[in-house]
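As a plain string of letters, each chain reads:
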Amino acid sequence: MTATRRDFLAAGAAALLTACRLPAADRRGRMGVVIHSYGVRQADKASGFDDPLTFLDFCHALGAGGLQTSLGSRDDAYCARLRKRAEEHGMYVEGSARLPRDAADVDRFAAEVRTASACGAKVVRTVMLVGRRYETFASAEAFRRFAEAGRRSLLLAKPVVERHDVKLAVENHKDHEAKALAELIKAVDSPRVGVCVDFGNNVALLEDPLETVEALAHYVFSTHVKDMGVREDADGFLLAEVPLGTGFLDLPRLLGVLRKARPEVRFNLEMITRDPLKVPCLTEKYWTTLEHVPGRRLARMLSLVRKQAAKEPLPRVGELTREEKVKREDDNVRQCLRDASDKLGL
């Protein structure tokens, strides 16, 4: 770990305590929290994290500036309570919703967008693929069909978000390469359809993070901020979310590109506490839908992995008890929020 990274991690706990006492007006520039940062508790109904009001109050206690979560379809009274509570806390709200699968699914999507708007959300994040491109598709034709279905879904969603004056932010979710996603958003041609830029996802598609962010910056409506650790693996490399400042991403530079493109964009922490993901880029199946990718991109990524390889094994949580996992994810998020405040101005 270099001196710079040690400095990044040197923030004391007092910073978080100060953040929790910030007046409402001073929270608006602070980093928000994505619900996936609390995946262990999100999966447990007893945690109450499936209730946006509960999650909002939890994020407020952390000192976060806002949140991004699924808001579902709710009545006007609930939406009014959530909107008022967010305003009292001086926090922003972003929604998350699944795209309409077909014309019959538009009403469900519209109800969720209406809810998001009523809750005060200006942005709703979505994805086209839940899984990972190189694991999901067995042929190039299967991926082509998926891409076409995604385009149709966006065209169905377009009039809905335009009608409710909400921005739809499509995440680069280990499916489309950045330039292809940018071309798709451009083709949809709506000021209300853009992207949620995830800082680390497209590393799994062998893209340099700076190239990903630069390709998508013009269309950015929201973000998933994270840092990534890498290590070589027999079939390619391992990729893991790690606390901000401990991975290989140049976070100040990535943030700067997006701030320049859209100064009002919100920065949301997505610190997923889980075992490293395998990126099997040295296997035949990986290339089934990526045959067009030049060999030099693979060479650059493998060179980066070797140069930036984590000195210690990447964090694993699979063998931990639930209580240990809960503590680990809470510690990770708190550390990220501390250092985002101290080192990144968020």
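Criteria and thresholds
Residues numbered from 1 in each chain as written. Predicted model: local features only at pLDDT ≥ 70, side-chain atom pairs only at ≥ 80, totals over all residues. Heavy atoms only, no water. Pairing = 2+ DSSP bridges. Helix = DSSP H or I, 4+ residues; strand = E, 2+ residues; numbered from the N terminus. Contact = heavy atoms within 4.5 Å. Axes fitted to C-alpha atoms, helices over the stretch in contact; angles between N-to-C directions. pLDDT = per-residue confidence, 0-100. Buried < 20%, exposed > 50% of the residue type's maximum accessible area, 1.4 Å probe, protein only. Arc of directions from axis to C-beta.

Draft legend 1. Structural detail: the sheet that holds strand β2 (residues 66–69). Reading across from one edge, β7-β6-β5-β4-β3-β2-β1-β10 is the order of the eight strands in this open sheet, with parallel pairing throughout. Lying at the two open borders of the sheet, with one neighbouring strand each, are β7 (220–224) and β10 (268–269). As defined by bridge partners, strand β3 (residues 92–96) adjoins strand β4 (residues 123–126) across two bridges and the pair is classed as parallel. Residue Ser96 lies in a different strand from β4, and its bridge partner there is Arg125. Each of β5 (167–171) and β6 (193–198) is contacted by helix α9 (residues 178–188), which is oriented at about 160° to β6, the strand it contacts most.

Draft legend 2. Highlighting the confidence of the model for the protein. Summarising the model, the protein shows a mean pLDDT of 92, and 92% of its residues fall at 70 or more. Contacts for the low-pLDDT stretch residues 1–25, under 50 throughout, to residues beyond four places or in other chains number 41 contacts.

Draft legend 3. Focus on helix α11 (residues 251–261). Looking at α11, one finds that the buried residues are Leu251, Leu254, Leu255 and Leu258. One face of α11 carries all of its buried residues, which in axial projection span an arc of 95°. The outward face of α11, more than 90 degrees from its buried face, is lined by the exposed residues Pro252 and Lys260. Buried residues along α11 sit against β6, α10 (209–216), β7, β8 (227–233) and α13 (322–344).

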